[in-house]
Amino acid sequence: MPNLRRSIPSMSALATFEAAARLTSFTAAATELGVTQAAVSRQIKLLEEELNTRLFIRANRRVVLTSAGEALASTVTTAFQSMAQMVETIRQPVTENTVIVGGSIAFCHFWIVPRLSDFRARHPDIKLKLLADDSTPDLRREKLDVAFRYGKSPFPDARSLASMADEAFPVCSPTLLNRHGVTADTANLLKLPLIAADTVNPTWLTWRSWAQGVGRGPEIGQASDRSGLRFNHYIDTIQAAMHGEGVALGWKTLLKGHLDEGRLVRVGTDRVALEERYHLLVPIGRAPSPAAGRFIDWAIEAFGE
């Protein structure tokens, strides 16, 4: 396998051979490929020289495959058909009025998806494709029309059209508080189980950095290090908190719906106002399509809410 590129002739030569073998004519192959008949003859000659094997018997106006040529044609045709089928399988259709939107997995889950029904009701003719990814793609190279990103502007690859501030504070389920016989105002974090999370984005707070931000000592960070429950994704962290497994760090923007509906409650009054913000971005150097513009207008309105 390491010598694959050296053992296989050029794809151009194989494509020329496939066409000539299928059409049994260098002239017909040249017409299909958009080249001259001489160019086809030259490619076939080079291929035969590389393989040290005659692939065609030249007749007056047609060519006939040799036994070696028939064997190679069968394999090349099967390989090309397999590649064509796979390309069609993974090819993404290009449709009008489609907006491709990107964001972190947590932001898509907690903020975008719960609001989609509102956008779709207002704009039923626009198709949305939501790409959730915790990496930070370069919007100049990606096929994203709009992206939501947590961080500080300016960004080298995108323009920020709107942004939202956020704050972090402890959250848990009412069930957990009832089980421990405390209220959200009287609960002591050091006497409740803390749910730890591994942060993908280095700008996200940990229990230790949150405690420092509110002027608390190292005890909370030490308690989180001893946590019996740890997740590598924020969605799972919040799901565990809602099921009464412990206290998690909550981002107000992401969890507003859960807090408003009582699935989660804020523990205590300490909070950290975050320096980073959620930004609505468009790629630098590319004007939004009319459909993307309507999504942007909707998102800016939702940011304001």
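Further up the page is the structure itself.
Residues numbered from 1 in each chain as written. Predicted model: local features only at pLDDT ≥ 70, side-chain atom pairs only at ≥ 80, totals over all residues. Heavy atoms only, no water.

Chemist: In this structure, what is going on with the pattern of salt bridges? I would like to understand it.
Modeler: For side chains bearing opposite charge, pairing can occur when the charged atoms are close. Evaluated as defined, the whole model comprises 16 salt bridges. A salt bridge links Asp260 to Lys256; its shortest N-O distance comes to 2.7 Å. In this pair, Asp260 and Lys256 are both assigned in helix H12 (residues 252–260), 4 residues apart and thus about one turn of the helix distant. Among the residues examined, Lys256 registers a relative accessible area of 41% and is labelled partly exposed. Among the ionic pairs, Glu261 bridges to Arg263, the shortest N-O distance being 2.1 Å. For Glu261, a relative accessible area of 56% gives the class exposed. The network of salt bridges with common partners includes Glu18, Arg22 and Glu32. (Salt bridge = Lys/Arg side-chain N within 4 Å of Asp/Glu carboxyl O. Helix = DSSP H or I, 4+ residues; strand = E, 2+ residues; numbered from the N terminus. Buried < 20%, exposed > 50% of the residue type's maximum accessible area, 1.4 Å probe, protein only.)

Chemist: It is not clear to me how helix H5 (residues 67–90) should be interpreted in this structure. Could you clarify?
Modeler: In an α-helix there are 3.6 residues to a turn, and that puts residues three or four apart on one side. For H5, with 24 residues, the first-to-last C-alpha span of 35 Å sits near the 34 Å given by 1.5 Å per residue. Buried within H5 are the following residues: Gly69, Ala73, Val76 and Phe80. Buried residues along H5 sit against helix H2 (11–23) and strand S2 (63–65). (Expected span 1.5 Å × (residues − 1). Contact = heavy atoms within 4.5 Å.)

Chemist: Can you help me understand the side chain of Glu18 in this one?
Modeler: Mapped onto the elements of the fold, Glu18 is located in helix H2. One polar contact links Glu18 to Arg22, side chain to side chain, over a distance of 2.8 Å. In this structure Glu18 touches Val76, Thr77 and Phe80, once residues within four positions along its chain are discounted. (Polar contact = N/O pair within 3.5 Å; in protein donor to acceptor, adjacent residues only side chain to side chain.)

Chemist: Explain the pairing of strand S10 (residues 248–251) to me, please; I cannot follow it from the model alone.
Modeler: The two faces of the sheet receive side chains in turn, since in a regular strand these alternate between them. Burial along S10 is two-sided: Ala248 and Gly250 facing one way and Leu249 and Trp251 facing the other are all buried. Bridge analysis of strand S7 (residues 167–172) against S10 gives 4 bridges, and the strand direction is antiparallel. Looking across to S10, one finds that Phe169 is bridged to Gly250. (Pairing = 2+ DSSP bridges.)

Chemist: Just checking my understanding: could you explain the packing of helix H6 (residues 105–112) against H12 for this structure?
Modeler: The relative placement of two packed helices is expressed as an angle between their axes plus a distance between the axes. For the pair H6 and H12, the least separation of the axes is 8 Å and the interaxial angle reads 40°. You can see that H6 and H12 cross each other, and the crossing is left-handed. The residues of H12 that touch H6, namely those facing Ala106, Phe107, Phe110 and Trp111, are Thr253, Leu254, Leu255 and His258. Partitioning the contact of H6 with H12 into residue classes produces 6 nonpolar, 2 polar and no charged. (Axes fitted to C-alpha atoms, helices over the stretch in contact; angles between N-to-C directions. Left-handed = near helix turned anticlockwise from the far one by under 90°. Nonpolar A, V, L, I, M, F, W, Y, C, P; charged D, E, K, R; others polar.)

Chemist: How do you make sense of helix H3 (residues 26–33) when you look at a structure like this?
Modeler: Three or more residues of H3 are buried, namely Phe26, Ala29 and Ala30. End-on view of H3: buried residues confined to an arc of 100°, all on one side of the axis. Buried residues belonging to H3 abut H2, helix H4 (37–51), strand S1 (56–58) and S2. Where H3 begins, the side chain of Ser25 points an oxygen toward the backbone nitrogen of Thr27, at a separation of 3.3 Å. (Arc of directions from axis to C-beta.)

Chemist: I'm lost on the side chain of Asp157 in this one. Help?
Modeler: Tracing the sequence through the fold places Asp157 in the loop between strand S5 (146–151) and strand S6 (158–164). Assessed through its relative accessible area of 3%, Asp157 is described here as buried. Side chain to side chain, Asp157 and Arg149 meet in a polar contact 3.0 Å long.

Chemist: Please explain the sheet that holds S5 as it appears in this structure.
Modeler: By definition, the strands of a sheet pair up through backbone hydrogen bonds, in either a parallel or an antiparallel sense. Overall, mixed pairing links the 5 strands, which are arranged S4-S3-S5-S13-S6 in an open sheet. At either margin of the open sheet sits one strand with a lone partner, and together these are strand S4 (127–132) and S6. For this sheet, the mean inter-axis angle between neighbouring strands, taken without regard to orientation, is 25°. Of the pairings in the sheet, the one linking S6 to strand S13 (residues 277–283) comprises 6 bridges and is antiparallel in character. The residue of S13 that forms the bridge with Ser163 is His279.

Chemist: So what exactly am I meant to see when it comes to the packing of aromatic side chains here?
Modeler: By the definition in use, this model includes 17 aromatic pairs. Relative to Phe303, the ring of Trp111 lies with its centre 5.5 Å away and its plane at 85°, an arrangement referred to as edge-to-face. Of this pair, Trp111 sits in helix H6 while Phe303 sits in helix H13 (residues 290–304), placing them 192 residues apart in sequence. Accessibility classification places Trp111 together with Phe303 in one group, the buried group. Relative to Trp298, the ring of Phe119 lies with its centre 5.3 Å away and its plane at 65°, an arrangement referred to as edge-to-face. Within this pair, whereas Phe119 is found in helix H7 (residues 116–122), its partner Trp298 is found in helix H13, the two being separated by 179 residues in sequence. Here Phe119 matches Trp298 in class, with each residue buried. Over the aromatic face of Phe169 sits the side chain of Arg266, whose NZ or CZ is 4.3 Å from the ring centroid. (Phe/Tyr/Trp six-rings, centres within 6.5 Å; stacked < 30°, edge-to-face > 60°. Lys NZ or Arg CZ within 6 Å of the ring centre and 35° of its normal.)

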